[in-house]
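Fold and geometry: a report
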Amino acid sequence: MINRDDLGSWLEGPKIEREDGDWPGRRLGLPETGSHSLAPAWRRLLGLLVDWFLCLAIANLIGSSNPFLAPGIFALEHFLLVSTLGYTVGHRIFGIEVRRLDGHVPGFAKALVRTALVVLVIPALIFNRDNRGLHDLAAGTLILKR
């Protein structure tokens, strides 16, 4: 019989066997826990959902039947806020932020690459042993706890 505790939650991300003393972000010089450690999948997912529903609400207030309005608002929100502040509304609520590998705000070029791949959805769902999605790998960014 399968023990539920062995499976964990899909929000925790994939179960990856790690050596003793290894954690997501160690190879990047990040702490295992606390401020400036890599954000867990559940925070990233919930932040994304907050942003998406906020953009859906704005699109509904505008009242257009254009199916590209909500994704367009989402892309604009994501690009402008991540490039200038390093976080979206959903990121802020869940205490996470997007940073370049050197710790700075992504800026316009990296935020544009990241936004384009987040809007495509699939690259954001595929991530490595450091919990960095393909969108973050391509843009040279990471999502950290605040």
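Cut-off values and rules
- Residues numbered from 1 in each chain as written.
- Predicted model: local features only at pLDDT ≥ 70, side-chain atom pairs only at ≥ 80, totals over all residues.
- Heavy atoms only, no water.
- Helix = DSSP H or I, 4+ residues; strand = E, 2+ residues; numbered from the N terminus.
- Buried < 20%, exposed > 50% of the residue type's maximum accessible area, 1.4 Å probe, protein only.
- Polar contact = N/O pair within 3.5 Å; in protein donor to acceptor, adjacent residues only side chain to side chain.
- Salt bridge = Lys/Arg side-chain N within 4 Å of Asp/Glu carboxyl O.
- UniProt positions renumbered as here; feature names shortened; annotations may be inferred.
- Core = buried A, V, L, I, M, F, W, Y, C linked by side-chain atoms within 4.5 Å.
- Contact = heavy atoms within 4.5 Å.
- Patch = residues over 30% accessible without salt bridge, like charges linked within 9 Å, V, L, I, M, F, W, Y side chains within 5 Å.
- Areas by Shrake-Rupley, 256 points an atom, 1.4 Å probe, with all protein chains shown as cover.

**Things to note about the environment of Asn-66**
Take Asn-66: it is sitting in the loop between helix H2 (41–62) and helix H3 (69–84). Accessibility expressed as a relative area gives 40% for Asn-66, which makes it partly exposed. Polar side-chain contacts of Asn-66 include one of 2.8 Å to the backbone nitrogen of Phe-68.

**A word on the pattern of salt bridges**
Evaluated as defined, the whole model comprises seven salt bridges. The shortest N-O distance in the salt bridge between Asp-22 and Arg-27 comes to 2.9 Å. Ionic pairing is found between Asp-136 and Arg-114, a salt bridge with its closest N-O pair at 2.7 Å. Here Arg-114 lies in helix H5 (residues 107–119) and Asp-136 lies in helix H7 (residues 134–139), a separation of 22 residues in the sequence. Each of Asp-22, Arg-27, Arg-129 and Asp-130 takes part in one network of salt bridges that share partners.

**Some thoughts on the UniProt feature "transmembrane region" (unreviewed entry) in the protein**
If you check UniProt for "transmembrane region" (unreviewed entry), the listed places come out as residues 45–62, 68–90 and 111–127 in our numbering. Segment residues 45–62 splits into 100% helix and 0% strand. End C-alpha atoms: 26 Å apart.

**Things to note about the nonpolar core**
In terms of nonpolar packing, the biggest core is built from seven residues, these being Ala-39, Phe-79, Val-82, Ile-96, Val-98, Ala-111 and Ile-143. Residue assignment for this core shows that the elements contributing at least two residues are H3 and strand E1 (96–100). Other than its neighbours up to four places away in sequence, Ile-96 contacts Ala-39, Arg-43, Arg-44, Tyr-87, His-91, Ile-143, Leu-144, Lys-145 and Arg-146. If you look at the next biggest cluster of nonpolar residues, it comprises six residues, including Cys-55, Ala-59, Ile-73 and Val-118.

**Notes on a nonpolar patch on the surface**
On the surface, Val-121, Ile-122, Leu-125, Ile-126, Leu-134 and Leu-137 cluster together to form a nonpolar patch covering roughly 530 Å² of accessible area. Tracing the backbone through its elements, the reader meets Ile-126 in the loop between helix H6 (122–125) and H7. We classify Ile-126 as partly exposed; its relative accessible area is 43%.

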